[in-house]
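Survey of secondary and tertiary structure
Spelled out, the chains give:
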Amino acid sequence: MDLTSDETYVLDTLGKACSQSAQTLKPAVEQLQQWEIQPGFYSILSKIFSNHNIDVNVRWLAVMYCKNGVDKYWRKSAPNSINEEEKETIKSRSISNFNEPSPQVTLQLAVLIAKIARLDCPRNWNDLLPTLFQAIRCSDGFIQERALLVFHHVTKTLASKRLAVDRKIFEELTAEIFSFILSVWNTYVDQFFQLAAKHEEGMAAAIDRCNLSLKILRKLIAFGFKDLTTCPDAVSFINSIFQRLDQMLDCRRTMWGNHLMVEKCEKLVVTLTKVLIDTLEMHPIAFVQFVRTSLEFVVRYNFTAKGLLFERFVVNCFNLMKGILFCDVYKPPKNPQDSSSISMQAHKILTEFFTYDTLSEICRRLVSQYFLLTSDDLLTWEADPEDFCQEEVGDSYKYSLRPCTEVLFLTVFKEFRLTLTSVLLQMVQANQGPCDPDNLEALLKKDAVYNAVGLASFDLFDDINFDQWFLTHLVQELQIKHFQYRIIRRRVIWLIGQWVGVKMSVNLRPMLYEIILSLLSKDEDLAVRLEAAQCLKTAVDDFEFKTEQLLPYLESLFALLFELLKEVRECDTKMHVLHVLSFVIERVGSKIQPYTSALVQYLPQLWHESGEHNMLRCAILTTLIHLVQGFGTTCIKLYDFLIPVIEMSTDVNQDQHVYLLEDGLELWDVTLQNSPHLTDKLLKIFNQMPALLELGTENLRICLKVIEAYVLLGPHEFMQAYSAVLVPSFSSLMTDIRAEGLVMILRVIEVVFKTFPTEGPQVFQPILKGIVRTVIDGEENPVVLSMYLSLCARVLLQNHAVFWSILETVAVDTQRNTQQLLRGILDTWVERIDSITQPERRKISALAMASLLSINHSIVVEKFNCIINLCVEVLHDVCQRDDNGAQTDTLVIGEDEVIETSSYPPDDNYSDIPTEHDTRRKNLSRKDPVHTVSLKEYVMSQLTQCQQVHGQMTFDRIMGELDPEIIQQLQELCS
């Protein structure tokens, strides 16, 4: 681009790109995208965002486009990369702009400089840091702050690089600049306290500079030192943090009327505590000297009368204490005599600090102060119970104070269980028994204590007789129906859910189901009903669950859960209730059928209403999977809803397939497995499959299971309709796939060959040609080779004509004769027979080799010895003496014998109940030559035919060439 003539044009286009009119905006954006690869474009952008006279929105857009251009085109290896001269222009203008008036442009400019620094600093941009230092030393506070913001982003970016060479560069950089940044921090923080003491103007700007310099120090401390103790300044800085925290918290108190300053003080306090957490995580050995001071600080501000200061501070303090207790470096050494080790020093500090009195106070305050439901919690519960329940499990909850408190409680309790068990049991004793429903303080305290007992259920296993507590106290608590007592009813059923899988007698389950029934009733509080539903899910998911105990309550429970599902309005809550229903359906299996008609009628409506909520649709798919498993062959009644759902969920042309595909495929497979016969609609949705196979290997396993299910469900209809699609799809996949995926495809082809012994090899000739060629050329993977040889064996045994046709085609393609190819295959078969480990596949190979004996071909005479040796080896594998002393082929099965066979390993997601698919698969195996033909009888029959085909003289000669021991074994095995 011509910088002089095009600058105005670019400026005008940027202005149009800021327009609110789509007609003006769209062509401008398209033009800017076209210019991205034009030389000189980014120089113009840098000139525009550096000109403070231009509209701020235009300059902001210019720096954004420049920032995005750095991501795409800065590297020399990038297509259309920015040339070196233009790079120098952009860098020069970027760091000569510390007087930028707009905060928004300043922030994006800082990010832009950081992105360039990540790629060029320090080797290709050695004047960046000196320029920044000079600006930070400047007497102009405005320029200082802008330079600090840039330096913060540069440091943050450089610290994030993880390659060893980059880490070394950052460590060298830290060694050069740490003392300077520390002096800047000390200067700013002292300046702030001087201004704050008199509440003078300029406090806000001073504390902002404190925060920026502290953020820089945080990254330098965490990632800039291999050993923190080698830098006295760094150790001194960490040591000073505790004093600075005290000062800043006092300052926050004195500023209480000034909301802006209180907020800024809190931000600085939070950053200071983050420095301690980072140091503990990255330099635990160096942090040992600060462990006692850190614990004393946390206890002083959080477990004394000072109480709760502000949430983010408390969260960081709790994370600091938790990090110290979790730290592996601080665990007691295995050798107690090693008193000099860091672990022993840390363990001694922890043991001395955590006395009984300290632990007791921490435990009591965590429970009675931090576990309490707040007034905001109760207001949310009153106004919107669903929102209240979602807050307790949602993403926002994970980052709030209560879960952090619960994690710290569990950490402390597990670490000092012997000490704290008695403390917690005393709290339980003090709060046991029904309390006045009008005494909110007592209700909240009991709720908090029960919460603690539920969280620590595994650790209290030996200390609480839960059955007795359940019968004598908890059941009574649930019978108090006062409105405000809903707090305790909800907590008690939650508590039971925590203990049911830990220590609750099986004979109490019927009483539990009755309790859950009463709490699911419509006149109960919605939050209590949702917790009761969760308790039911926990109970039926327990390994001691007994279906017969639930059956008397099943109809009522299912009806109440269904009413709850219809009543709740939030997507997440509906998902929660659906998951409970799914668990119940899964555990009781076919016994659920009489009670599901209302749910089956409601699910289509819910599916339609959840068009914008893909995760809810996933929950519906999961429910349908379990319903189909429970319905078995009667799932055909659900086809009108099932088939369109499967079709939509597996349609790659629909955007929602990204969310629904995995569950949709599983539903498809389960439906096929349980279907009694193939219908036209079920057959038609296979049109989705070719596009799914093109997606690659992520869902290949389940796709192949679906294909196998079709082959077994309606073999003739399916292969007639889709064999022409299936073969090219498999051929394409097999050209570039890992061994595991290749084996899965070959297993499906094996099922086709079992189903269609004659036609199957004919249809799959294109694939078989590649298999034969690979076998001859050499296949290294033993599992793949085993499958290749097994498929070749089936073709040779079941369709000689196709086998010879394939040999002739490959011979022409490779310019060899069929005799050479057959010799190569037989040699591989004999040499690599041990690659075939499954007895069934070893036997099919032996049957195939024996089938050659009746062919009048010179190669048979040549390889007679090898063929007989292989047959004898496999006969040893499959034969066993019966009660009469005769050798019997153990793989030949009678009509009443049970046969276990599967193309795939068991799937933990599926029910253990046998399906129609299992029956079809076993019936197919009963027709397999492996299970119908006796190998010893077949070998003897083929030897007889070999004698007739080749003549007695030739036969006697080749028999005479056999090892006498092999002849003896053959006679013994076939006698």
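Residues numbered from 1 in each chain as written. Predicted model: local features only at pLDDT ≥ 70, side-chain atom pairs only at ≥ 80, totals over all residues. Heavy atoms only, no water.

Points about the overall build of the chain
Check the secondary structure of the chain and you find 51 helices and 2 strands. Its C-alpha atoms give the chain a radius of gyration of 38 Å, more than 25% over the compact-globule value 30 Å for 975 residues. Dimensions of the chain, computed from the C-alpha atoms along their principal axes, are close to 120 × 85 × 75 Å. Long-range pairs, those at least 24 residues apart, make up 74% of the contacts in the chain with a sequence separation of at least 6. When the accessible area of the chain is evaluated, it comes to approximately 43,500 Å², of which 49% is carbon and sulfur surface. (Helix = DSSP H or I, 4+ residues; strand = E, 2+ residues; numbered from the N terminus. Rg over C-alpha atoms; globule rule 2.2 N^0.38 Å. Contact = heavy atoms within 4.5 Å. Areas by Shrake-Rupley, 256 points an atom, 1.4 Å probe, with all protein chains shown as cover.)

Side note on helix H51 (residues 964–974)
If you check which residues of H51 are buried, you get Ile966, Gln969, Leu970, Leu973 and Cys974. In an axial view of H51, the angular spread of the buried residues amounts to 115°, which keeps them on one side of the axis. Along H51, the residues that are exposed and aim more than 90 degrees away from the buried face are Pro964, Glu965 and Gln971. Residues of H51 that are buried sit in contact with helix H46 (864–878), strand E1 (879–881), strand E2 (887–889) and helix H49 (935–950). With a side-chain oxygen lying 2.9 Å from the backbone nitrogen of Glu965, the N-terminal cap of H51 falls on Asp963. (Buried < 20%, exposed > 50% of the residue type's maximum accessible area, 1.4 Å probe, protein only. Arc of directions from axis to C-beta. Polar contact = N/O pair within 3.5 Å; in protein donor to acceptor, adjacent residues only side chain to side chain.)

Side note on the pattern of salt bridges
Under the defined criterion, the tally for this structure stands at 51 salt bridges. Of the charged contacts in the structure, one is a salt bridge between Asp447 and Arg491, with a shortest N-O distance of 2.9 Å. Of this pair, Asp447 sits in helix H23 (residues 440–455) while Arg491 sits in helix H25 (residues 486–499), and the two are 44 residues apart along the sequence. One network of salt bridges, with partners in common, ties together Asp834, Arg842, Glu873 and Asp877. (Salt bridge = Lys/Arg side-chain N within 4 Å of Asp/Glu carboxyl O.)

Concerning helix H27 (residues 526–540)
In this model, H27 (15 residues) spans 21 Å end to end at C-alpha, consistent with the 21 Å of a helix rising 1.5 Å per residue. Where burial is concerned, most of H27 is hidden: 13 out of the 15 residues are buried. Here H27 starts with a cap whose side-chain oxygen sits 2.9 Å from the backbone nitrogen of Ala527, and that cap is Asp525. (Expected span 1.5 Å × (residues − 1).)

Some details on the nonpolar core
Counting 357 residues, the largest nonpolar core has Phe192, Phe409, Ile496, Trp668, Phe730 and Trp829 as the members making the most contacts within it. Of the residues forming this core, the biggest block, 15 residues, is contributed by helix H9 (residues 164–197). Each residue touching Phe192, except ones within four places of it in the same chain, is listed here: Met203, Ala206, Ile207, Cys210, Met248, Cys251, Met261 and Cys265. (Core = buried A, V, L, I, M, F, W, Y, C linked by side-chain atoms within 4.5 Å.)

Describing the packing of aromatic side chains
Under the defined criterion, the tally for this structure stands at 39 aromatic pairs. Ring centres 4.9 Å apart and planes at 55° place the aromatic pair Phe133 and Phe180 in the tilted group. Taken as a pair, Phe133 in helix H7 (residues 128–137) and Phe180 in helix H9 lie far apart in primary sequence, 47 residues in all. Classification of Phe133 as buried rests on a relative accessible area of 14%. When the ring of Phe686 is compared with that of Tyr710, the centres are 5.2 Å apart and the planes differ by 80°; the resulting orientation is edge-to-face. Within this pair, whereas Phe686 is found in the loop between helix H34 (680–684) and helix H35 (689–694), its partner Tyr710 is found in helix H36 (residues 700–713), the two being separated by 24 residues in sequence. (Phe/Tyr/Trp six-rings, centres within 6.5 Å; stacked < 30°, edge-to-face > 60°.)

Remarks on the packing of H7 against helix H8 (residues 141–159)
Relative orientation of the contacting elements H7 and H8 amounts to 145°, with a least axis distance of 7 Å. Between H7 and H8 the crossing geometry is left-handed. Only Ile143, Gln144, Ala147, Leu148, Val150, Phe151 and Val154 of H8 make contact with H7, whose side of the interface consists of Leu128, Leu129, Leu132, Phe133, Ala135, Ile136 and Arg137. Its residues assigned to classes, the contact of H7 with H8 comprises 12 nonpolar, 1 polar and 1 charged. (Axes fitted to C-alpha atoms, helices over the stretch in contact; angles between N-to-C directions. Left-handed = near helix turned anticlockwise from the far one by under 90°. Nonpolar A, V, L, I, M, F, W, Y, C, P; charged D, E, K, R; others polar.)

Details of the environment of Ile342
Assignment of secondary structure puts Ile342 in helix H16 (residues 342–353). Between the C-alpha atoms of Ile342 and Lys161, which are 181 residues apart in sequence, the distance is 29 Å. Excluding residues that lie within four positions of it along the chain, Ile342 makes contacts with Ile285, Val288 and Val329.

So, a positive patch on the surface
There is a patch of like positive charges on the surface, built from Arg75, Arg118, Arg162, Arg167, Lys168 and Lys226. Tracing the sequence through the fold places Arg167 in helix H9. By relative accessible area, which is 41% here, Arg167 ends up partly exposed. (Patch = residues over 30% accessible without salt bridge, like charges linked within 9 Å, V, L, I, M, F, W, Y side chains within 5 Å. Lys, Arg positive; Asp, Glu negative; His and termini not counted. Charge placed at Lys NZ, Arg CZ, Asp CG, Glu CD.)

Things to note about a nonpolar patch on the surface
Nonpolar side chains collect at one region of the surface, where Met615, Val658 and Tyr659 lie side by side and expose about 330 Å² of accessible area between them. Tracing the backbone through its elements, the reader meets Met615 in helix H31 (residues 614–631). Under the relative-accessibility criterion, Met615 is labelled partly exposed at 47%.

A few points about the environment of Cys66
With respect to the helices and strands, the residue Cys66 is situated in helix H4 (residues 56–73). Using a relative accessible area of 1% as the deciding quantity, one classes Cys66 as buried. In the structure, Cys66 is positioned 24 residues away from Tyr42 in sequence and 5.9 Å away in space, judged by C-alpha atoms. The residues contacting Cys66, other than those within four sequence positions of it, are Tyr42, Leu45, Phe49, Ile90 and Leu112.

Side note on the side chain of Glu171
Among the structural elements, Glu171 can be located in helix H9. If near-sequence neighbours (up to four positions away) are discounted, Glu171 is found in contact with Phe223, Gly224, Phe225 and Lys226.

Comments concerning the packing of H8 against H9
The N-to-C vectors of H8 and H9 enclose an angle of 145°; their axes lie 13 Å apart at closest approach. In terms of crossing hand, the pair formed by H8 and H9 is left-handed. Side by side, H8 and H9 meet where Gln144, Leu148, Phe151, Thr155, Leu158 and Ala159 of the first sit next to Phe170, Leu173, Ile177, Ile181 and Tyr188 of the second. When grouped by side-chain class, the residues that make up the contact of H8 with H9 number 9 nonpolar, 2 polar and no charged.

Describing the state of the cysteines
Within this structure, the stated rule accounts for 0 disulfides. The cysteine Cys535 is free of any disulfide, with Cys389 supplying the nearest cysteine sulfur at 14 Å. Unpaired in terms of disulfides, Cys879 finds its nearest cysteine sulfur in Cys974, a separation of 7.0 Å. We classify Cys879 as buried; its relative accessible area is 12%. (Disulfide = S-S within 2.5 Å.)

Focus: unusual backbone geometry
Here the residue pair Cys121 and Pro122 is connected by a cis peptide bond, since its omega of 0° sits within 30 degrees of zero. Looking at the secondary structure, you find Pro122 in the loop between helix H6 (103–120) and H7. With a phi close to 60°, Gln815 is a non-glycine residue in the positive phi region. Its location among the elements puts Gln815 in the loop between helix H42 (800–814) and helix H43 (818–831). Since its relative accessible area comes to 75%, Gln815 is described here as exposed.

Things to note about the confidence of the model for the chain
Caution applies to low-pLDDT regions: their predicted coordinates should not be interpreted in detail. Across the chain, the average pLDDT comes to 90, with 96% of residues at 70 or higher. Long-range and interchain partners of residues 394–398, a stretch whose pLDDT sits below 50, account for 6 contacts in this model, where long-range means more than four residues apart. Ignoring residues within four places in sequence, the model shows residues 901–911, a span with pLDDT below 50, making 28 contacts including any to other chains. (pLDDT = per-residue confidence, 0-100.)

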